[in-house]
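Notes for the structure review
Chain by chain, the residues run as shown.
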Amino acid sequence: MPVGVFIVTSFLLAWLVCLPLWVDARGLASPATVWVLPVTMFTPLLATALTALTFDRGTLGPQARRLGIWPLTPTGRTIILTAAAIVFLPLTIAAGLAISAWLGLVQLDLDEFSGFAAALPGNVQEMVPVRTLVIVQLASIPIAAVLNGFLAFGEEIGWRGWLLPELQPLGNWPAVLLTGAIWGAWHSPLILLGYNFNQPNPLGVVAMIVGWTAVGVVTGWLRNGATRSGLRSSDTEPSTRRAVSFYSSAATNLRRTCFSPARSEQER
């Protein structure tokens, strides 16, 4: 029952927040996109709070520990897992982009970076070469990830903080894969408007589910810790919550850099 309530609540809240973009004929080009996107990222956190208040009703301390918010010790493990997130999550996202391009789901322009250029003001392109800006964009991913970690935190509390442990009785791998699939499907209100893949149809949703399931394997590993036999369901380290939240939002920088103009126009 709690899992079902959490999933339904998080999905309904996401659709509710995204409703202004659906009633506006401009879709993602609507000025409301500026606040809809970040607010949507906090709907899993709100769903977690509502579910916890309804079913758990524990004190704040145990709830924070259960969700992986606190404590942040051991410090060494926090640093190691944060470094692992910095390395593996961008690689996973890049691999997903490459596979999507190979399958014809997206169009990449790695020669002229026309999608990135189309999103820039004209005067900026005159002042600085696009390739230079691309290098700066990619180099800034670690910094941007830390700054945007606050927004990603709203999602991660729900998916890896609350849902993943709740699904652990199904087994480690089923729990990780199912959490990632639900996470991807939760993005449907935006994907069906053309966000990310310029595929405002079920194909775009499927692509998001597949891609975010792959990312969920990495974030699930960070959440649970790794053993030689695979993921374990016990002794989860609360410190991994920080490591995961740092990089969840860094994907946007990489996608904006590589996609073609048509897709960039959808996200602008």
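**A look at the overall build of the protein chain**
Within the protein chain, the regular secondary structure consists of 15 helices and 2 strands. Counting all 268 residues of the protein chain, 49% fall into the buried class. Sequence-distant contacts in the protein chain: of pairs separated by 6 or more residues, those separated by 24 or more amount to 74%. Carbon and sulfur atoms form 71% of the exposed surface of the protein chain, whose accessible area is close to 12700 Å².

**Details of the packing of helix α1 (residues 2-23) against helix α3 (residues 43-56)**
Between α1 and α3, the least distance of the axes is 8 Å, while the angle of their chain directions is 145 degrees. Note on packing geometry: the crossing formed by α1 with α3 is right-handed. For the pair α1 and α3, the contacting residues are Pro-2, Val-5, Phe-6, Thr-9, Ser-10, Leu-13, Ala-14 and Val-17 in the first and Thr-43, Pro-44, Leu-46, Ala-47, Thr-48, Leu-50, Thr-51 and Phe-55 in the second. Counted by class, the contact of α1 with α3 contains 11 nonpolar, 5 polar and no charged residues.

**A short note on the layout of surface pockets**
For the second largest pocket, the calculated volume is near 320 Å³. Gly-96, Ser-100, Ala-207, Val-210 and Gly-211 are, among the 20 residues lining the second largest pocket, the residues nearest its centre. For the lining of the second largest pocket, the secondary-structure elements that each account for two or more residues are α5 (75-102) and α12 (202-224). Top contributing element to the lining of the second largest pocket by residue count: α12, with 8 residues. Taken together, the residues of the lining of the second largest pocket break down into 14 nonpolar, 5 polar and 1 charged.

**Points about the environment of Pro-174**
Examined against the element boundaries, Pro-174 turns out to sit in helix α10 (residues 172-186). A residue is classified by how much of its surface remains accessible, and Pro-174, at 41% relative accessible area, is partly exposed. Linking Pro-174 and Leu-164, residues 10 residues apart in sequence, is a C-alpha distance of 9.8 Å.

**Structural notes on the confidence of the model for the protein chain**
Residues with a pLDDT of 70 or more make up 69% of the protein chain, whose mean pLDDT is 75. Averaged pLDDT values for the elements of the protein chain fall to 39 in strand β1 (residues 226-227) and rise to 96 in α1. Low confidence marks residues 226-250, where pLDDT is under 50. Its contacts with residues over four positions away, or in another chain, come to 74 contacts. Between residues 260-268, whose pLDDT stays under 50, and residues either more than four places distant or in other chains, the model counts 27 contacts.

Procedures and definitions
- Residues numbered from 1 in each chain as written.
- Predicted model: local features only at pLDDT ≥ 70, side-chain atom pairs only at ≥ 80, totals over all residues.
- Heavy atoms only, no water.
- Helix = DSSP H or I, 4+ residues; strand = E, 2+ residues; numbered from the N terminus.
- Buried < 20%, exposed > 50% of the residue type's maximum accessible area, 1.4 Å probe, protein only.
- Contact = heavy atoms within 4.5 Å.
- Areas by Shrake-Rupley, 256 points an atom, 1.4 Å probe, with all protein chains shown as cover.
- Axes fitted to C-alpha atoms, helices over the stretch in contact; angles between N-to-C directions.
- Left-handed = near helix turned anticlockwise from the far one by under 90°.
- Nonpolar A, V, L, I, M, F, W, Y, C, P; charged D, E, K, R; others polar.
- 1 Å grid on protein atoms, 1.4 Å probe; cavity = no way out; pocket = protein on both sides within 12 Å on 5 of 7 lines; lining within 4 Å.
- Points joined across faces, edges and corners; volume = space filled by probe spheres on them.
- pLDDT = per-residue confidence, 0-100.

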